[in-house]
Amino acid sequence: AQTVTQSQPEMSVQEAETVTLSCTYDTSENNYYLFWYKQPPSRQMILVIRQEAYKQQNATENRFSVNFQKAAKSFSLKISDSQLGDTAMYFCAFMTYSGNTPLVFGKGTRLSVIA
Amino acid sequence: EPEVTQTPSHQVTQMGQEVILRCVPISNHLYFYWYRQILGQKVEFLVSFYNNEISEKSEIFDDQFSVERPDGSNFTLKIRSTKLEDSAMYFCASSDVTSGLWEQFFGPGTRLTVL
């Protein structure tokens, strides 16, 4: 069974600074997907970024980028130029490559962006 | 932009009562999911549904739970006899087979409170 670990329950960052959220996972699969979801106070789950394990290039979406280290089973999220609207819970999630399988979530990291 | 919708946004019920949570997935999506999130905890998978039948379910999804696609648009989660520990946020999600992206789009959630 796959597991996802987020070791930082809470983090804070000053507005306009950069912050990195950690995520490690455990799987015996070789191909899979990894995701970061954002959950603001409204509690809607919003996809931030995705990474296919077969791609060596790290995914980037505007201010959000990942550092995917497949051998280390690590998938960290970097938020550049942090904005107040980035304040939210961030969940790392894993999905097997067959695609129509459940997401396995980590426990989340609560990020606070401070003005 | 198409989105997953859920009703009601908040449901309060007495222990032992039946509740039905409703979801309208994105129209061209074929895979549907229910997840739950107990307050302060991680998001947990309940069940996935494809081609009018359950494709996978977790150990949480016991005989008290059932899912149905009663028509071409709605996807429902029924809890037959609610317990206090069923109090949680319930998220519906859907994904598109054809795109190959396997992204699960989440609805805004239904907050279920069992008294």
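Note on numbering: residues in each chain are counted from 1, in written sequence order. Ligands are numbered from 1 and chains lettered from A, in the order in which they are written. Since the coordinates come from a predicted model, pLDDT governs what is reported: local features require at least 70, and pairs of side-chain atoms require 80 or more to be given and counted, while whole-chain, interface and lining totals use all residues. The basis for every side-chain value is the complete set of heavy atoms in the structure, and neither hydrogens nor water enter the calculation.

Draft legend 1. Just the interface of chain A and chain B, in detail. The criterion used for residue contact is that any of the two residues' heavy atoms lie within 4.5 Å. Listed as interface residues are 20 residues of chain A and, on the opposing side, 20 residues of chain B. In the sections that follow, a salt bridge refers to a side-chain nitrogen of Lys or Arg positioned within 4 Å of a carboxyl oxygen of Asp or Glu. At the boundary of chain A with chain B, the tally comes to 0 salt bridges. Residues adjacent in sequence count toward polar contacts only when both atoms are side-chain atoms; beyond that, a polar contact is any pair of N or O atoms within 3.5 Å, and within protein one must be able to donate a hydrogen and the other to accept it. Summed over the shared surface of chain A and chain B, the number is 6 residue pairs in polar contact (both at pLDDT 80 or more). Every element with two or more residues in the side of chain A that touches chain B is listed here: strand E5 (32-39), strand E6 (46-52) and strand E10 (88-96) of chain A. The way it works is that DSSP assigns letters per residue, a run of H or I at least four long becomes a helix, a run of E at least two long becomes a strand, and they are numbered from the N terminus. Examining the composition of the side of chain A that touches chain B, we find that 4 residues originate from one element, E5 of chain A, more than from any other. Each residue is assigned to one of three groups, with Ala, Val, Leu, Ile, Met, Phe, Trp, Tyr, Cys and Pro labelled nonpolar, Asp, Glu, Lys and Arg labelled charged, and all others, Gly among them, labelled polar. Of the residues assigned to the side of chain A that touches chain B, the class counts are 10 nonpolar, 7 polar and 3 charged.

Draft legend 2. A look at the environment of Asn 28 of chain B. Inspection of the secondary structure assignment puts Asn 28 of chain B in the loop between strand E3 (19-24) and strand E4 (31-37). On a C-alpha basis, the gap between Asn 28 of chain B and Pro 2 of chain B in space is 9.8 Å, while along the polypeptide they are 26 residues apart.

Draft legend 3. Geometry of unusual backbone geometry. All names here are of chain B. Residue Thr 7 is joined to Pro 8 through a cis peptide bond whose omega torsion reads -10°. The residue Pro 8 is located in the loop between strand E1 (5-7) and strand E2 (10-13) in this model. Unlike most non-glycine residues, Asn 51 shows phi in positive territory, near 55°. You will see that Asn 52, though not glycine, has its phi angle at about 65°, which is positive. Exposure is judged per residue with a 1.4 Å probe applied to protein chains only, and the accessible area is read against the type maximum: over 50% gives exposed, under 20% gives buried, and values in between give partly exposed. Looking at Asn 52, the relative accessible area reads 59%, which means it is exposed.

Draft legend 4. Fine view of the pattern of salt bridges. All names here are of chain A. Within the structure shown, the criterion is met by 5 salt bridges over all chains. Across the salt bridge formed by Arg 50 and Glu 52, the nearest N and O atoms sit 3.0 Å from each other. Here the two residues Arg 50 and Glu 52 agree in accessibility, since each one is buried. The residue Lys 55 makes a salt bridge to Glu 52 at a minimum N-O spacing of 3.9 Å. Via salt bridges that share partners, Arg 50, Glu 52 and Lys 55 belong to a single interconnected network.

Draft legend 5. Representation of the side chain of Arg 63 of chain A within the structure. Residues and elements named next belong to chain A. On the secondary structure map, Arg 63 appears in the loop between strand E7 (60-61) and strand E8 (64-69). Assessed through its relative accessible area of 18%, Arg 63 is described here as buried. At 2.8 Å, the side chain of Arg 63 forms a polar contact with the side chain of Asp 86. Apart from residues lying up to four places away in sequence, Arg 63 is in contact with Lys 78, Ile 79, Ser 80, Asp 81, Ser 82, Gln 83 and Asp 86.

Draft legend 6. The arrangement of the sheet that holds E3 of chain B in detail. Residue and element names in this part refer to chain B. Here, strands pair whenever DSSP counts at least two bridges between them. Judged by pairing direction, the sheet is antiparallel, and its 4 strands sit side by side in the order E1-E3-E8-E7 without closing on themselves. This sheet does not close on itself; its edge strands, each paired only once, are E1 and strand E7 (65-68). Within this sheet the neighbouring strands show an average axis-to-axis angle of 20°, counted without direction. Here E7 pairs with strand E8 (residues 75-79) via 4 bridges, running antiparallel. Counterpart to Phe 65 in the pairing with E8 is Ile 79. An axis is simply a line fitted to the C-alpha atoms; with a helix, the fit covers only the stretch in contact. Between two such axes, the angle follows the N-to-C directions and lies from 0 to 180 degrees.

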